Amino acid sequence: MSKISLAVDLAGFHLRNPTMNAAGVLGMSPPLLKRVYDAGAGAVVTKSIGPVPRTGHPNPTLVQLSGGALNAMGLPNPGVDYFVDEIAKLKELGVPTVASFFGGSVQEFAEVAYKLTKAGADALELNASCPNVAEELGMLAADAGSVEKVTAAVKDETRLPVFVKLSPNVTNVKTVAKAAEWGGADAITAVNTLLGMAIDVNFRRPVLTNVTGGLSGPAVKPVALRCVWEVSQAVEIPVIGCGGVTTWEDAVEYLLAGASAVEIGTAVMTRGVEVYGEVVRGLERYMTKNGFSRVEEVVGLAHEAGRHTESRVDKCNIRV
Ligand code: DHB
């Protein structure tokens, strides 16, 4: 029997298995992210880092809902210059690190990418899709032309693999994914949170200070899975699935839809960091039981089934 390997390669970024935390969950403190890695994740992703310190939105910034969580933090972060030392600590701890980052202009994105590269990050995730700062910074992922331009500017400043994280809050996610690919993206992360809101019936006001926020957790999984399905058909580069992964079955669904890896975020709130090891062990069992020896053999398989359905229709001589 051949030995199973869970390792994946995302444009030269090697992961021991196809799981990471989603940006934002557990912040950016090296000891916390090390716990994610020790619990079994293949690599870690930092909270998004910007050009200068930001305090973010006032509380309340998070509301727990039956199907997940709604948050509007407003991209609080200590700024890239502070973060240089934190990356060095993650490196010392031996944790493969994807630095998530954002900017308010093409130049800011490029400048932050340059600094994170110099600081020693292993890969970059370009957050084109924060739903909570639209009025102030705009939501980059709403405009394919801007996504291409920013991605190209970032690629000019770094030799690292760049994953562009897209938003589900668009009419056509494939067009935006293509634009990122044309700009030189090495992978697409699909997707960020879904724009939503909650109202307190007693106060008769929106719960979040920001009024709207990003929905994450099990409720968004079908939407995010559909985005992965569509994006993986539209681009040649790898896709990283993100949205509501809680169990190993969720992760396998994403692989079958065309993702080469998955990010797990909100599930940490309900299952703790142990969720990474649980998903990885479940995936390994699934591969053993079904005779797969490498993760990439699973990637996109559900699309093949689609083609078989077409041929069955042909065989049945159905005329349309
Ligand atoms: C925030 C950023 C995000 O990218 C997201 O999906 C949700 C919240 C934030 O910091 O507000």
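Everything here concerns the structure above.
What comes next concerns the included structure.

**Examining the site of the ligand**
Link 1 in the chain: Surveying the vicinity of the ligand reveals 13 residues, the closest of which are Gly-74, Leu-75, Asn-132, Asn-192 and Thr-193.
Link 2 in the chain: The separation between an oxygen atom of the ligand and a polar side-chain atom of Lys-47 is 3.2 Å.
Link 3 in the chain: The separation between an oxygen atom of the ligand and a polar main-chain atom of Leu-75 is 2.7 Å.
Link 4 in the chain: Within the complex, the protein chains bury 91% of what would otherwise be the 290 Å² of accessible surface of the ligand.
Link 5 in the chain: Looking at the shell around the ligand residue by residue, the class counts come to six nonpolar, six polar and one charged.

**Describing unusual backbone geometry**
Link 1 in the chain: Following Asn-59, the chain continues into Pro-60 via a peptide bond in cis, with omega recorded as 0°.
Link 2 in the chain: If you trace the backbone, Pro-60 turns up in the loop between strand E4 (44-45) and strand E5 (62-65).
Link 3 in the chain: Between Ala-190 and Val-191 the backbone carries a cis peptide bond, its omega angle lying at 10°.
Link 4 in the chain: Along the polypeptide, Val-191 turns up in the loop between strand E10 (187-190) and strand E11 (194-197).
Link 5 in the chain: Despite not being glycine, Ala-11 shows a phi value in the positive range, around 50°.
Link 6 in the chain: Mapped onto the elements of the fold, Ala-11 is located in the loop between strand E1 (8-10) and strand E2 (13-15).

**Thoughts on the sheet that holds E5**
Strands pair in a sheet through their backbones, by hydrogen bonds, and they do so in one of two ways: parallel or antiparallel.
Link 1 in the chain: Read across the sheet, four strands follow the order E5-E6-E14-E11 without closing on themselves; strand pairing throughout is antiparallel. A single partner strand is all that each edge strand has here, and the edge strands are E5 and E11. Going from strand to strand, the sheet's axes swing by 35° on average, the running direction of each strand aside.
Link 2 in the chain: Sheet topology note: the E11/strand E14 (residues 212-216) ladder contains four bridges and is antiparallel. When the bridges of E14 are listed, Gly-196 appears paired with Gly-213.

**A word on the pairing of E14**
Link 1 in the chain: Among the five residues that make up E14, four are buried, leaving the element largely enclosed by the rest of the structure.
Link 2 in the chain: Inspection of the sheet shows strand E6 (residues 68-71) paired to E14 by three bridges, in the antiparallel sense. Residue pairing in the sheet places Asn-71 in a bridge with Gly-214 of E14.

So, how was this worked out
- Residue numbers restart at each chain and count upward from 1, following the sequence in its written direction.
- Local features in this predicted model are restricted to residues whose pLDDT is 70 or higher, and side-chain atom pairs enter the listing and the counts only when it is 80 or higher, whereas totals over whole chains, interfaces and linings include all residues.
- The basis for every side-chain value is the complete set of non-hydrogen atoms in the structure, without hydrogens or water.
- One heavy atom within 4 Å of a molecule or strand makes the whole residue count as near it.
- For this analysis, a polar contact is any N or O atom pair within 3.5 Å, provided that within protein one partner can donate a hydrogen and the other can accept it, and provided that sequence-adjacent residues contribute only side-chain to side-chain pairs.
- Values of accessible area rely on a 1.4 Å probe in the Shrake-Rupley scheme; residue burial ignores everything except the protein chains shown.
- In the scheme used here, Gly and all other residues not listed as nonpolar or charged are polar, with Ala, Val, Leu, Ile, Met, Phe, Trp, Tyr, Cys and Pro taken as nonpolar and Asp, Glu, Lys and Arg as charged.
- We count a stretch as a helix when DSSP gives it H or I for four or more residues in a row; a strand needs E for two or more, and each element gets its number in order from the N terminus.
- Pairing between strands requires that DSSP locate at least two bridges from one strand to the other.
- Between the N-to-C directions of two axes lies an angle of 0 to 180 degrees, each axis being a line fitted to C-alpha atoms and, for a helix, fitted only over the stretch in contact.
- Working definition: with a 1.4 Å probe on protein chains only, accessible area under 20% of the residue-type maximum means buried, over 50% means exposed, and in between means partly exposed.

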